[in-house]
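# Structure assessment
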Amino acid sequence: MPTPDNTQQNAISLVVEGKIHSAWSRYQIDSDFLVPADAWSVTLGLPDGIFPSTVRRGVPVQVRVGSDVVMSGRIDTIQRRVSRQQVSITISGRDDSAVLVDCASPVFTSRQLSLEEVIAQVVRPLGIKNIQLRAESSISNDKVSVEPGERAWDTLERAASARGLWPWFAPDGTLIIGGPDYTAEPVATLVLNRDGKGNNILDITDRSSITGSFSELTILAQGHAQGSKSAKHGTEIIDVGDDAAPLTADDDGSSAEGDDDILVSTGSPETGFHGLRSVVRDTTVPYYRPQIMVVGDADNQEQSDYRARKAMADARLNGFDLTVIVKGHRTEGGLLWQPGQRIRVRSEPHGIDDIYFLMGREFAGGRPDNTITTLRLKEDGIWIPDAYPKKRKTRKRRAKVNKKLEIIDVEPN
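A brief structural summary.

Cut-offs used in this document
- Residues numbered from 1 in each chain as written.
- Predicted model: local features only at pLDDT ≥ 70, side-chain atom pairs only at ≥ 80, totals over all residues.
- Heavy atoms only, no water.
- Helix = DSSP H or I, 4+ residues; strand = E, 2+ residues; numbered from the N terminus.
- Buried < 20%, exposed > 50% of the residue type's maximum accessible area, 1.4 Å probe, protein only.
- Contact = heavy atoms within 4.5 Å.
- Areas by Shrake-Rupley, 256 points an atom, 1.4 Å probe, with all protein chains shown as cover.
- Core = buried A, V, L, I, M, F, W, Y, C linked by side-chain atoms within 4.5 Å.
- Pairing = 2+ DSSP bridges.
- Axes fitted to C-alpha atoms, helices over the stretch in contact; angles between N-to-C directions.
- Phe/Tyr/Trp six-rings, centres within 6.5 Å; stacked < 30°, edge-to-face > 60°.
- Lys NZ or Arg CZ within 6 Å of the ring centre and 35° of its normal.

Of regular secondary structure, the protein chain possesses 8 helices and 24 strands. When burial is assessed residue by residue, the protein chain has 47% of its 413 residues classed as buried. Here the analysis covers contacts within the protein chain between residues at least 6 apart in sequence; of these, 71% occur between residues at least 24 apart. For the protein chain, the accessible area works out to roughly 20200 Å², and carbon and sulfur atoms hold 49% of it.

This next bit is on the nonpolar core. Judged by nonpolar contacts, the single largest core of 40 residues is most densely connected at Leu14, Trp40, Ile91, Leu322 and Val324. When residues no more than four places from it in sequence are discounted, the contact partners of Ile91 are Leu14, Trp24, Trp40, Ser41, Val42, Val55, Ile75 and Thr77. Counting residues in hydrophobic clusters, the runner-up holds 30 residues, among them Val123, Ile177, Met359 and Trp383.

With that settled, consider the pairing of strand S21 (residues 342-347). Examined bridge by bridge, strand S13 (residues 188-192) and S21 share 5 bridges and lie parallel to one another. Residue Val191 lies in a different strand from S21, and its bridge partner there is Arg346. Here 6 bridges tie S21 to strand S22 (residues 352-365), and the two strands are oriented antiparallel to one another. Residue Val345 lies in a different strand from S22, and its bridge partner there is Asp354.

Two modes of strand pairing occur in sheets, parallel and antiparallel, and in both the strands are linked by backbone hydrogen bonds. The 3 strands lie next to each other as S9-S12-S11, forming an open sheet whose pairing is mixed. Two strands close off the open sheet at either side, each with one partner strand: strand S9 (131-134) and strand S11 (166-169). Between one strand axis and the next, the sheet turns by 25° as a mean value, whatever way the strands run. Sheet topology note: the S11/strand S12 (residues 175-178) ladder contains 4 bridges and is antiparallel. Its bridge partner lying in S12, Phe169 is registered against Leu175. Of the strands in this sheet, S11 and S12 touch helix H4 (residues 152-161), which is tilted by about 130° from S11.

Take the packing of aromatic side chains next. One pass over the full model with this rule turns up 7 aromatic pairs. Ring geometry for Trp168 against Trp383: centres 6.4 Å apart, planes inclined by 45°, an arrangement best described as tilted. Of this pair, Trp168 sits in strand S11 while Trp383 sits in the loop between strand S23 (372-379) and helix H7 (389-394), and the two are 215 residues apart along the sequence. Overall, the relative accessible area of 1% leaves Trp383 in the buried class. Ring centres of Phe357 and Trp383 lie 6.0 Å apart, and the angle between their planes is 35°; this geometry places the pair in the tilted category. Of the two residues, Phe357 sits in strand S22 while Trp383 sits in the loop between S23 and H7, which places them 26 residues apart along the sequence. In this structure, Phe357 and Trp383 share a single accessibility class: buried. The side chain of Arg80 reaches across the aromatic face of Phe51, ending 4.9 Å from its centre. Sitting above the plane of the Phe363 ring, Arg361 keeps its charged end 4.1 Å from the centroid.

This is the structure we're talking about:
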């Protein structure tokens, strides 16, 4: 069997108006769930001194690694340079989410729109046709208002976060609203041993910080009048672990447990709600660190709960980063590194042996001996906890990890 040509597998090319451009002297391709628009940049020296006529700002482009498409979008910027030493061209762009980040939303105010309808009204006028929902369900927003000048991406993000979801673009240009599937098997195992045997990690750094993390997060909201529509209310959500208990004054003198720990929202769909309150606790924070957030108009308690869980998940993500640099752009099985994958990492110096979630990655290189991928990893099972709640709760083999962020609804007596 012939040996696969890794150079060809990792070759970066741009497809512009049916023509393929490759052999770059430098390139960077960055993709991250937490960054609204994925970006790429390439530089090429031109020995003949002739700039390609088909490469123009605003034209559609596909970015490929080997034969695989990793990004679809448009060219943003072209920089052409002529000097005594060489003639070169630098091209950069972003994926299809760039138009949502740059442009304003259509101004409208509507009632009783589903998440899918909100997305369609905002993004389809801007040329985004393929939309996919990756979640078990969506909820209707009783009122959706868009202010003049508001960016389309901000409107989209707000509509998705009301259900505890997140938007991103697939390599083929499909807009996806939802969250990851944490039941997927890890795509690779990355190893760093002191004796050097079996190592496939070039560089690894972990960062753990208490900054931005909270032991208790309270969301306060209120709802507008909704006519005769029924709404769920009167529920507080509390995140507990195996043997976790609420902090009391005897623990650290900062908090006390009592009847006020559960606050029932009052009001009705006809008159609106006030006193909507959702509380989420993270038992991995070692001491009492409370935070209170006030959110805008919420339709009901359920929507407030979604926002609380999403806010706590974001705070939990800020507490840990694992950055790994590996050779090439593919796993040992030939699969391209892509955000959303689950990866097992074993680092003997760090004492790490666990599965992590790939939040973002950057391809970089240009020379054959300098082709690397930077992987940005986060805790597994934390980001977007409400996309597939049934799958998340029934996964027995990961139950020990997920219990730290398991959310239990406690009905007031």
